[in-house]
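# Residue-level structural notes
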Amino acid sequence: MKGALSVRELSLTYPRAAAPALSGVSLEVTPGERVLVTGPSGAGKSSLALCWSGIIPQSIPAQVTGAVELAGRPVAASRVADLSRDIAYVFQDADSQLCALTVEDEVAFALENRALPPAEIDRRVDQALSWVGLPAAMRRRDTRTLSGGEKQMVALAAALAQDTPLYVFDEPTSQLDPEATARTYAVIDRLARGDARRSLIYMDHKIEALLPLTDRVLVLGENGMPLAFEAPDTLFHDRAALVAGTGSWLPTAAHLYRFLRARGLQLAGRPLTVAAALTNLDRWLEQNPGMRPDMFAAIAAWIEQELAPPSLAVGKSILQLDRACYAPSGGPEIVSDVSLSLTGGEILGLVGRNGAGKSTLGLLLAGLLEPTRGARIGRDGSAAPSGQFVFQNPEHQFARESVIDELMLSLLASRDDGSPQEAARLEAEKLLRDFGLWHKRAAHPFQLSHGQKRRLSVLVAIAAPGRPIIVFDEPSYGLDADAAQRLRRTIAGMRRTDQAVVVISHDIDWLAGLCDRIAVLDRGRLARIDSARAVLVDRQLLALTGLAPPQAVVIRAWLDARQ
Amino acid sequence: MRDSEWRPLHPVNPLTKLAAAIVLVIAVTVVFDIRFQAAVLALIVVVLMVLEGVPPLRLALVMLPFALMGFGFLWTNLLFHEAGGYVESLGRFSLLRGSALDDGIVVFLRAVNFGAVSYAFVRATPPADLARALMQNAGLRPTVAFAVFSVVQFIPQLQDDLRQLHLAHALRAATAQASGIRSLVGLPRRYVDLVIPLLAGAVRRAQRSAISMEARGLTHPMRRSFLVCSKFGRADLVFALASSASLMLMIGLAVV
């Protein structure tokens, strides 16, 4: 039988690169098989995907050895355009995928390139739009007027219209809010169930929703070294240490089971979702009633590890927004009537849909924007202090030619005591070692990997002159599990009674382990601001902003119901 | 939504409209006559308000920059008319010299008409239709057309990036001042600091966009079909006849 994809001993090195991006990767994907490719940032997942259609090395030069066959045809002997009939991609950045000016032209693009008859294209455009839940009335809509979620739906429709035997999803949800993410997963789920012979490959850091559909998982390690290629249940349970060791993400259910097994609890089964894990645990408790206290204590310990403890550091009020509004010149109001206060020692999470005004509110809190109405006031009515802001794109913050100079800029500014430059340099060297950037000290900040850029941007903000407010905008975006975890520890370590930290994020599970309070923003207005514990169990409120409760909160509710 | 409105100029092939606009711009440039210029303006205003449904206030706002520029010409002409040569320098092909005010008004109307004709074309021609017509009827390479579209898609993102960069660099500049590093706040340096990240982002986006298009089969040379065929039909004939007749009539006004 002709395989959907066959990769044998594939190695890849980019020009002028010191190390290979892929090192001897082999995989066979049969028709109808669903494969997840995972691994830490920079493990070569996207490079591997681009080799399947010949884009690497035909369009992106690289030294490639090994063999790739797509639908039984050697990729090296075919043109990329011809291979596009057998493989369709959905990439992470919907903005860069769209190339036509209207929705229908975008969805029709690949079909026009194949010179299909207009009537057939028209039929497929209608069908694809209805698959992703976009109304036919949107066909003539200008693609520039779409929201981020709508753009990704159009990109999905454009891929679905191609009707290829193999689909590749390269982190398709990484830039979406949870609601748009759920819609994307639902479409992929439907695609997977719709045709038993269609093969799907998804590459992502975190793709729990699709695990029940996944047949096998390929784990890539450093330099694109293949570490495992097997069924998800055995991989994430029996070889959890290997996956965790690469810095890759473990499903919550496997993470919980690993924790419980490490405490000596003999658990059978290999659940991949939290729902399956809890059903399994109920059955286990029925069979082992004497072990209930041990099991409950162990689960409580896991929850404690995952959810942030209530803040112990209570400082004085640092800043107050009083009915603050912000509207850009000539534009509609983005933030409306927001009143909140920041207290020293607290970490405040800021959540909401894409476009809810989170970043704008963050900029107001940091003092980089002034409210167009309302007030931003300091303690006891004094002038409001300015803050630091760590931008979503770390490159925006870089202003020097080397990593160490970038850090020195902040450190010299923070030393108003006239201490010598040498002392600042010593401190910079120490910080770079602590943050794992020492070996990159002479590199230009733009030459770092995304994870390294993120670490440097955080470091630069931390080292800058004492500002009592520091705002992080989507700091965990694009980071693998290990890097995200380390960043969370760094931010948690910033609790000081004279400093307030604000963290904007879509990743509710990541925030749950960090924040004391959470503010929920809905269309520019503050829907609620309360303790993280109170907000995270308010399903109605979370649903309003397209969020679901964190997995740890779901498990805590299960535990509370049984104790 | 405008799609449901009556837009009688939309079925006309964009290339027919483009040809008519070019001919009209040439006529506006060549025919130095107050009646002709006024008639062209009246015609375009009627087309925009009646056929395209543009509200009068919006039309006035769009025309304002052209009117201001035209007013500049009018004023200059009034001041320097006696010295001669100014109107000729703006392109008057008639040997007859009118009064300072007449010549000035013609130059004023001509500036407004350039704007009005351009706006009417843009208003009556969705960019996607123009691009489709250029690819199907004028031999524009799809690889070039879609590369241009991608750039159009980037513009709002670049604007957003620039806004973020200004804020980030304001923050860093404040840090630099506090650190005593002066070069960072120098003007040329500030532009370099803005341009490098903007370019880095744009290059990455361009590469992603090229990958996405190539992965969907865009190449050169290629045989391509089109979902919407851009044809020349009855609407083009009617439009071409009506445009030619109007132009003749307006030129006639100038000659009589």
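Residues numbered from 1 in each chain as written. Chains lettered and ligands numbered in written order. Predicted model: local features only at pLDDT ≥ 70, side-chain atom pairs only at ≥ 80, totals over all residues. Heavy atoms only, no water.

### Section: helix H5 (residues 103-113) of chain A
An α-helix turns once per 3.6 residues; consequently, residues spaced three or four apart project the same way. Residues and elements named next belong to chain A. The line we're drawing: Per-residue accessibility, obtained with a 1.4 Å probe over protein chains only, is compared with the maximum for each type, and a residue is labelled buried under 20%, exposed over 50%, and partly exposed between these values. Each helix corresponds to a stretch of at least 4 residues labelled H or I by DSSP, and each strand to a stretch of at least 2 residues labelled E; elements are numbered beginning at the N terminus.
Among the 11 residues in H5, 11 count as buried, and that is most of the element. Every buried residue of H5 is accounted for by Val103, Glu104, Asp105, Glu106, Val107, Ala108, Phe109, Ala110, Leu111, Glu112 and Asn113. Looking one or two residues past H5, Ala115 carries a phi angle of roughly 60°, positive in sign.

### Examining the sheet that holds strand E9 (residues 216-220) of chain A
Pairing between the strands of a sheet is mediated by backbone hydrogen bonds and can be parallel or antiparallel. Residue and element names in this part refer to chain A. Quick note on the threshold: Strand pairing follows a simple DSSP-based rule, namely that at least 2 bridges must link the two strands. Where helices are involved, their axes are fitted lines through C-alpha atoms of the stretch in contact, as for all axes, and angles between N-to-C directions lie from 0 to 180°. Contacts are assigned to residue pairs with any non-hydrogen atoms lying within 4.5 Å of each other.
Read from one edge of the open sheet, 6 strands run E6-E7-E8-E3-E9-E10, paired in mixed fashion. At either margin of the open sheet sits one strand with a lone partner, and together these are strand E6 (87-90) and strand E10 (226-230). Strand-to-strand twist of the sheet, defined as the mean angle between neighbouring strand axes without regard to direction, takes the value 15°. In this structure, strand E3 (residues 34-38) lies alongside E9, joined through 4 bridges in parallel fashion. Across the sheet, residue Leu36 finds its bridge partner in E9, namely Val217. The strands touched by helix H7 (residues 148-162) within the sheet are E6 and strand E7 (166-170), with E6 carrying the most contacts at an inclination of about 175°. Running at roughly 150° to strand E8 (residues 199-203), helix H8 (residues 178-194) makes contact with E3, E7 and E8 of the sheet.

### Things to note about the pattern of salt bridges
Residue and element names in this part refer to chain A. How we decide: A side-chain nitrogen of Lys or Arg and a carboxyl oxygen of Asp or Glu constitute a salt bridge if their distance falls within 4 Å.
Under the criterion given, the structure shown has 43 salt bridges over all chains. The salt bridge involving Asp142 is made with Arg144; its shortest N-O contact spans 2.7 Å. In this structure, Arg193 and Asp189 form a salt bridge, with 2.7 Å as the shortest nitrogen-oxygen distance. Residue Arg193 and its partner Asp189 are both found in helix H8; the two are separated by 4 residues, about one turn of the helix.

### Here's the deal with the environment of Arg124 of chain A
All names here are of chain A. Its place among the elements puts Arg124 in helix H6 (residues 118-131). Looking at Arg124, the relative accessible area reads 13%, which means it is buried. Spatially, the C-alpha atom of Arg124 lies 26 Å from that of Lys2, the residues being 122 residues apart in sequence.

### Quick look at unusual backbone geometry
In this structure, Pro57 of chain A follows Ile56 of chain A across a cis peptide bond, with omega equal to 10°. Mapped onto the fold, Pro57 of chain A is located in helix H2 (residues 55-58). Geometrically, the link from His220 of chain B to Pro221 of chain B is a cis peptide bond, its omega value of 0° lying close to zero. We note that Arg323 of chain A has phi near 45°; this positive angle belongs to a residue other than glycine. Relative to the helices and strands, Arg323 of chain A is located in strand E11 (residues 317-326).

### Observations concerning a nonpolar patch on the surface
Residue and element names in this part refer to chain B. The cut-off we apply is this: Two distance rules govern patches: like charges are joined within 9 Å, and nonpolar side chains (Val, Leu, Ile, Met, Phe, Trp, Tyr) within 5 Å, applied only to residues with over 30% relative accessible area and no salt bridge. Areas reported here follow the Shrake-Rupley algorithm with a probe of radius 1.4 Å; residue values treat only the protein chains shown as occluding.
A cluster of nonpolar side chains, namely Phe71, Trp75, Leu78, Leu79, Phe80 and Leu101, defines an oily patch on the protein surface of about 630 Å² accessible area. By residue number, the principal contributor to the nonpolar patch is helix H3 (residues 56-80), which donates 5 residues. Relative to the helices and strands, Trp75 is located in helix H3. Residue classification places Trp75 among the partly exposed residues on the basis of a relative accessible area of 48%.

### So, the packing of aromatic side chains
How we decide: Any pair of Phe, Tyr and Trp rings, taking the six-membered ring for Trp, is counted once the centres come within 6.5 Å. Such a pair is stacked with planes under 30 degrees apart, edge-to-face with planes over 60 apart, and tilted for the rest.
A full pass over the atoms with the stated rule returns 9 aromatic pairs over all chains. Pairing Tyr167 of chain A with Phe169 of chain A gives two aromatic rings, centres 6.2 Å apart and planes at 15°, and the pair type is stacked. Judged by relative accessible area, which is 1%, Phe169 of chain A ranks as buried. Note on Phe71 of chain B and Trp75 of chain B: the rings are 6.4 Å apart at their centroids and 20° apart in plane angle, and the pair reads as stacked. With Phe71 of chain B and Trp75 of chain B both in helix H3, this residue pair falls 4 residues apart, about one helical turn. With relative accessibility at 46%, the residue Phe71 of chain B sits in the partly exposed group. Site record: aromatic cluster; members linked through ring pairs are Phe109 of chain A together with Phe146 and Phe149 of chain B.

### What about the sheet that holds strand E17 (residues 500-504) of chain A?
Residue and element names in this part refer to chain A. In space, the 6 strands of this open sheet follow the order E15-E16-E17-E13-E18-E19, with mixed pairing throughout. For this open sheet the edge positions go to strand E15 (388-390) and strand E19 (525-531), each flanked by a neighbour on one side alone. Across the sheet, the axes of successive neighbouring strands diverge by a mean angle of 20°, strand direction being ignored. Of the strands in this sheet, E15 and strand E16 (469-473) touch helix H17 (residues 450-463), which is tilted by about 175° from E15.

### Remarks on the interface of chain B and chain A
Just so we agree on the cut-off: Buried area adds together the accessible area that both of two parts lose upon being put together, with accessible area traced by a 1.4 Å probe. N or O atoms closer than or at 3.5 Å make up a polar contact, with two conditions inside protein: a donor-capable atom paired with an acceptor-capable one, and, for residues adjacent in sequence, both atoms drawn from side chains. Each residue is assigned to one class: nonpolar for Ala, Val, Leu, Ile, Met, Phe, Trp, Tyr, Cys and Pro, charged for Asp, Glu, Lys and Arg, and polar for all the others, Gly among them.
Counting residues at the interface gives 54 residues for chain B and 65 residues for chain A. Across the chain B to chain A interface the summed buried area is about 5200 Å²; carbon plus sulfur atoms make up 58%. Contact with chain A buries area across many residues of chain B, yet Arg172, Arg216 and Leu227 of chain B alone supply 17% of it, more than any other trio. Asp105 of chain A serves as the salt-bridge partner of Arg132 of chain B, at 2.8 Å between the closest nitrogen and oxygen. Put simply, chain B and chain A have 18 residue pairs in polar contact (both at pLDDT 80 or more) between them. Secondary-structure elements contributing two or more residues to the side of chain B that touches chain A are helix H6 (127-137), helix H7 (142-179) and helix H8 (187-215) of chain B. Considering every element that reaches the side of chain B that touches chain A, the biggest residue donor is H7 of chain B, with 19 residues. Of the residues belonging to the side of chain B that touches chain A, the class tally is 26 nonpolar, 14 polar and 14 charged.

### A look at the environment of Arg454 of chain A
Residues and elements named next belong to chain A. Note on placement: Arg454 falls in helix H17. With relative accessibility at 1%, the residue Arg454 sits in the buried group. Here the alpha-carbon distance between Arg454 and Tyr477, two residues 23 residues apart in the chain, equals 9.1 Å. What Arg454 contacts, discounting residues up to four positions off in sequence, is Val390, Phe391, Gln392, Asn393, Pro394, Asp473, Glu474, Pro475, Leu479 and Leu487. A polar contact of 3.1 Å, which involves the side chain of Arg454, links it to the backbone oxygen of Phe391. Within the structure, Arg454 has its side chain in polar contact with the backbone oxygen of Pro475 (distance 3.0 Å).

### Digging into the confidence of the model for chain B
We apply this condition: Each residue gets a pLDDT score, which is the predictor's confidence in that residue and runs from 0 to 100.
Predicted confidence across chain B gives a mean pLDDT of 84, with 84% of residues reaching 70 or more. Across chain B, helix H1 (residues 14-30) of chain B holds the top mean pLDDT of 95, while helix H4 (residues 86-89) of chain B sits lowest at 59.

### What to know about the nonpolar core
All names here are of chain A. Threshold: To form a nonpolar core, buried Ala, Val, Leu, Ile, Met, Phe, Trp, Tyr and Cys residues must be joined to one another through side-chain atoms within 4.5 Å. Domains are outlined according to an automatic or database domain assignment.
In terms of nonpolar packing, the biggest core is built from 54 residues, with Leu260, Leu281, Met295, Ile299, Phe472, Ile491 and Val503 touching the most fellow members. When residues of this core are assigned to domains, at least three fall in each of domain 2 (252-306) and domain 3 (317-557). In this structure Ile491 touches Ile347, Phe472, Pro475, Val501, Val503, Trp510 and Leu514, once residues within four positions along its chain are discounted. One finds Ala88, Met153, Ile188 and Tyr202 within the second-largest nonpolar core, a separate group that totals 50 residues.

### A few points about the domain arrangement of chain A
Note: interface size is frequently given as the accessible area lost on complex formation between the parts. Residues and elements named next belong to chain A. Structurally, chain A comprises domain 1 (5-245), domain 2 (252-306) and domain 3 (317-557). Here the C-alpha centroids of domain 1 and domain 3 sit 32 Å apart. With 12 residues of domain 1 in contact, the opposing surface of domain 3 contributes 12 residues. The contact between domain 1 and domain 3 buries some 1000 Å² in all, and 41% of this surface belongs to carbon and sulfur atoms. Three residues, Asp177, Pro178 and Glu179, lead the burial of domain 1 against domain 3; their summed loss comes to 42% of the area buried on that side. On the surface where domain 1 and domain 3 come into contact, there are 1 salt bridge.

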